[in-house]
Amino acid sequence: MSDHKIESILTEDRLFPPSDDFRQHANIKSRADYDKLRTEAEQDHEGFWAKLAHTEISWSKDFTKTLDESKAPHYSWFTDGELNVSYNCIDRHLEKNGDKIAIIFEGEKGDTRNITFKELHKEVCLFANALKAKGIKKGDRIVIYMPMTPEAVIAMQGCARIGAIHSVVFGGFSAESLKDRIEDATCKAVITADGGTRGGKVIKLKAACDEALAKGCASIETVFVFKRAGNNVAMKDGRDAWVHDLTAGLSEECEPEWVNAEHPLFLLYTSGSTGKPKGIQHSSAGYLINCIMTMKWVFDIKEDDIFWCTADVGWITGHSYVAYGPLANGTTTVIYEGAPTVPDAGRFWDLVERHKISIFYTAPTAIRALMRLGEDFPNRHDLSSLRLLGTVGEPINPEAWIWYNKVIGKEKCPIVDTWWQTETGAHIISPVPGAIDTKPGSCTLPLPGIAVDVVDEAGESITEPDRGGYLVISKPWPSMLRTIWGDEQRYVDTYWGKFNNRLYVAGDSCRRDKDGYFWIMGRIDDVLNVSGHRLGTMEVESALVAHERVVESAVVGRPDDIKGEAIFAFVVIKGERPTGADADALVADLRKWVTKEIGAIAKPDDIRFTDNLPKTRSGKIMRRLLRSIARGEEITQDISTLENEEIVKQLQGKF
Ligand code: PRX
């Protein structure tokens, strides 16, 4: 544990209780009620989840077996049950709430569209029938590469409806990344759009798709293209089809495919500590129950709430809290396609005012960026509809938390700082807002039915306050990942290997304070968190070394006021180390190169050329030294083992 990012420990220790008004109307109204739920779950873990799954999910065949641990650390939940996730998100609301708005959409240019549950049902059925017409069947993997429009959700729900397994790739990822993900899961089709709009620019998704398919992707038979941006696209005969052409004349009804509880609902690729992203595989019923319950517990969801989670569907947050969780609860959810600063930095608050949003969920990066632009923007808008705020993706610094609380929440909205991961499917540690007093920077306490612990190197629970350790989950939970697609061994090694398959290792370090509150301290592996998005240092390194002039590179993170972490790359190139204009040109070229290889989120913020990387005698790169250098810190490490101590000055940019 020597390599932890201890400096990210946050020190704010004030307690912020919810207002009496919030508490009185909350789904869970007191600490005692929360404690009761947790105790109930501790006493009968399986029984607790079985009861919730029986009552909150609509099953086509109810389950009799709750948890199968016989193949641990592969766990299955509700194993003989059958359901359809899309049915649970849409059909079951139709009778009572068919005319209720399911999705409020707003485009960057201000175009808006309301979609009722009835209309969503029709759209999803039509699209599901189009999938079927093209021969897509239960179990087929389908890549979704879409702008942030209702059609992205319709595509996901359409797949779920027929039992196809979707794999959403964030629209900001490059053609190269798309290709890798298509090939890893041998996807049969792509669902995309002509283009999306962000920051006034058209993002040419179909063109990126064509580029990916031109490089390989032999398994792809069909490309479904939604019309959105209206840009010109090439359509390949026999392969590409406009969705509006395909759906014309198809039935507006599509009987859901009832699938086993464990049927994979989706794959979602995320970064790990190797160069290759892993396809996290989620189940149907287990995933759904945690999405449903966290909407109720954490977001305190009510019939008349207007819920807005700003995440893109390309990330797990957009899966659980845009595409599935809100709809499964019959909630009205907002989707915005565009940048938060168009036409100005008040856009989010303008949306809140006009759509009367009551629950707002975003990332600390966005809060910090908007905070920097001043209070005037939020103050120009009526934010009185808000009653609850949330954050996710990275630790929030107390300054941003306090600003969020004061300027956006007007000190009347509790803030839920939700800790979770792509792998956990839904919130794991988070305040239950009517019950738990919050502390800025702490995600507070685990949710009921989730057994979280902080352990030492031997896997023993750390009870001493404020001592850091490994964040682990000690009992299986329904929405846990099931495996890594096509790599069982990597699943076992990555998450379970460290403590003999006994504890799920999240990859974060953490401490608990004297009140038992959890404080996330940072990653323990070579994973960066840039603007709340995960990126493996090795992924960026692999992209850099694929450039013809690069011999070797080492990538580390350094703190950044807005993004949380910024990417710093040390690069060795063939021949002479470049200087002056040559160096500037190569830096620009490498940044462009990485954007092309992975996507703009992976573009290094700093690139420094060096003759050599600092290595120990055994050839291991001294990453801690590089991290200190990237942060401009004094060097305290022992560098006597370096072959060439002079290199340190060069790494520091001193000559
Ligand atoms: O390091 C933690 C950080 O984000 C990681 C998970 O990233 P990803 O799978 O991309 O999912 C992000 C959205 C759920 C975690 O291992 N993280 C996430 N939420 C928080 C956080 N760090 C601190 N506080 C949080 N609330």
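Keep in mind the model is a prediction, meaning the values are calculated, not measured. (Residues numbered from 1 in each chain as written. Predicted model: local features only at pLDDT ≥ 70, side-chain atom pairs only at ≥ 80, totals over all residues. Heavy atoms only, no water.)

Participant: Report on the pairing of strand S17 (residues 332-337), specifying residues and quantitative values.
Facilitator: Counting buried positions over the six residues of S17 gives six, a clear majority of the element. As defined by bridge partners, strand S4 (residues 101-107) adjoins S17 across five bridges and the pair is classed as parallel. Bridging from a neighbouring strand, Ile104 pairs with Val334 of S17. The pairing of strand S16 (residues 306-309) with S17 spans two bridges and is parallel. In the sheet register, Phe307 faces S17, and the bridge partner there is Thr333. (Buried < 20%, exposed > 50% of the residue type's maximum accessible area, 1.4 Å probe, protein only. Helix = DSSP H or I, 4+ residues; strand = E, 2+ residues; numbered from the N terminus. Pairing = 2+ DSSP bridges.)

Participant: Which residues make up the site of the ligand, and what values do they have?
Facilitator: Around the ligand, the surrounding shell holds 17 residues, and the nearest of these are Asp417, Thr418, Thr422, Arg523 and Arg534. A distance of 3.1 Å is found between a nitrogen atom of the ligand and a backbone nitrogen or oxygen belonging to Gly393. Take Asp508: an N or O atom from its side chain is 2.9 Å from an oxygen atom of the ligand. Expressed as a share of its isolated accessible area of 540 Å², the protein-covered part of the ligand is 95%. (Near = heavy atom within 4 Å. Polar contact = N/O pair within 3.5 Å; in protein donor to acceptor, adjacent residues only side chain to side chain. Areas by Shrake-Rupley, 256 points an atom, 1.4 Å probe, with all protein chains shown as cover.)

Participant: Just give me the short version of the pattern of salt bridges, but keep the residues and values in it.
Facilitator: In the structure shown here, the tally under the stated rule is 50 salt bridges. Residue Lys278 pairs with Glu423 through a salt bridge whose shortest N-O separation is 4.0 Å. Of the two residues, Lys278 is situated in strand S15 (residues 278-282) and Glu423 in the loop between strand S20 (415-418) and strand S21 (452-455); the sequence distance between them amounts to 145 residues. Each member of the pair, Lys278 as well as Glu423, carries the same accessibility label: buried. Between Asp605 and Lys563 there is a salt bridge, and its shortest N-O distance comes to 2.6 Å. Taken together, the positions of Asp605 in the loop between helix H18 (580-597) and strand S30 (606-609) and Lys563 in the loop between strand S28 (550-560) and strand S29 (564-573) put the pair 42 residues apart, joining distant regions of the chain. Using a relative accessible area of 27% as the deciding quantity, one classes Asp605 as partly exposed. By sharing partners, the salt bridges in this structure join Glu106, Arg347, Asp350 and Arg354 into a single network. (Salt bridge = Lys/Arg side-chain N within 4 Å of Asp/Glu carboxyl O.)

Participant: Outline the environment of Thr641, supporting the account with residue identities and numerical values.
Facilitator: Take Thr641: it is sitting in the loop between helix H19 (623-630) and helix H20 (647-651). Residue classification places Thr641 among the partly exposed positions, given a relative accessible area of 28%. Beyond its immediate stretch of four places on either side in the chain, Thr641 contacts Lys615 and Arg617. (Contact = heavy atoms within 4.5 Å.)

Participant: Before we move on, can you summarise unusual backbone geometry with the specific residues and values?
Facilitator: Here the residue pair Ala72 and Pro73 is connected by a cis peptide bond, since its omega of 10° sits within 30 degrees of zero. Of note, Pro73 is situated in the loop between strand S1 (67-71) and strand S2 (74-77). One non-glycine residue, Thr186, lies in the positive phi region at around 35°. Considering the arrangement of structural elements, one finds Thr186 in the loop between helix H7 (175-184) and strand S8 (189-193). For Thr186, a relative accessible area of 43% puts it in the partly exposed group. Unusually for a residue other than glycine, Ser531 sits at a positive phi of about 55°.

Participant: Help me get a handle on the packing of aromatic side chains, residues and values and all.
Facilitator: Scanning all chains against the criterion turns up 34 aromatic pairs. Geometrically, the ring pair formed by Phe348 and Trp349 is edge-to-face, given 6.1 Å between the ring centres and 90° between the ring planes. Given a relative accessible area of 5%, Phe348 falls into the buried group. Members of the aromatic cluster, each reached through a chain of ring pairs, are Tyr75, Trp477, Tyr491, Tyr495, Trp496 and Tyr504. Positioned over the ring face of Trp242 is Lys227, at 4.3 Å from the centre of the ring. (Phe/Tyr/Trp six-rings, centres within 6.5 Å; stacked < 30°, edge-to-face > 60°. Lys NZ or Arg CZ within 6 Å of the ring centre and 35° of its normal.)

Participant: Can you lay out the environment of Val225 for me, pointing to particular residues and giving the numbers?
Facilitator: Residue placement: Val225 occurs in strand S11 (residues 222-226). On the accessibility criterion, Val225 (0% relative accessible area) is buried. Setting aside residues up to four positions removed in sequence, Val225 forms contacts with Thr192, Ala193, Asp194, Lys206, Met235, Ala241, Trp242 and Val243.

Participant: Pulling in residues and values, what's your account of the sheet that holds S15?
Facilitator: Spatial ordering of the open sheet is given by S12-S11-S8-S6-S7-S14-S15-S23, a layout of eight strands whose pairing is mixed. The sheet is open, and its two edges are formed by strand S12 (240-242) and strand S23 (483-484), each paired on a single side. By the bridge criterion, two bridges tie strand S7 (residues 165-168) to strand S14 (residues 266-270) in an arrangement that is parallel. Following the sheet pairing, Ser167 is matched in S14 by Leu267. Here helix H5 (residues 117-133) sits on the sheet and contacts S8 and S11; the angle it forms with S11, its principal contact strand, is near 155°. (Axes fitted to C-alpha atoms, helices over the stretch in contact; angles between N-to-C directions.)

Participant: Give me the lowdown on the pairing of S30, citing residues and values where you can.
Facilitator: If a strand is regular, its side chains alternate between the two faces of the sheet. Here S30 shows a clear split, with Ile607 and Phe609 buried on one side and none of Asp606 and Arg608 buried on the other. Here S29 runs beside S30; their pairing, made up of four bridges, is parallel. When the bridges of S30 are listed, Ala569 appears paired with Ile607. The β-α-β motif built from S29, the intervening H18 and the parallel element S30 has right-handed crossover chirality. (Right-handed = clockwise from strand over helix to strand, strands pointing away.)

Participant: If you had to explain helix H4 (residues 85-97) to someone new, which residues and values would you point to?
Facilitator: Along an α-helix, residues three or four apart share an orientation, since each turn contains 3.6 residues. A rise of 1.5 Å per residue sets the reference length of H4, with its 13 residues, at 18 Å; its end C-alpha atoms lie 18 Å apart and thus fit the reference within 8%. Listing the buried residues of H4 in full gives Val85, Ser86, Asn88, Cys89, Ile90, Asp91, His93 and Asn97. Buried residues along H4 sit against strand S3 (82-83), H5, helix H6 (150-162), helix H10 (285-297) and helix H11 (316-328). The N-cap of H4, judged by a side-chain oxygen 2.9 Å from the amide nitrogen of Ser86 a few residues on, is Asn84. (Expected span 1.5 Å × (residues − 1).)

Read these as spatial facts, not as claims about activity.
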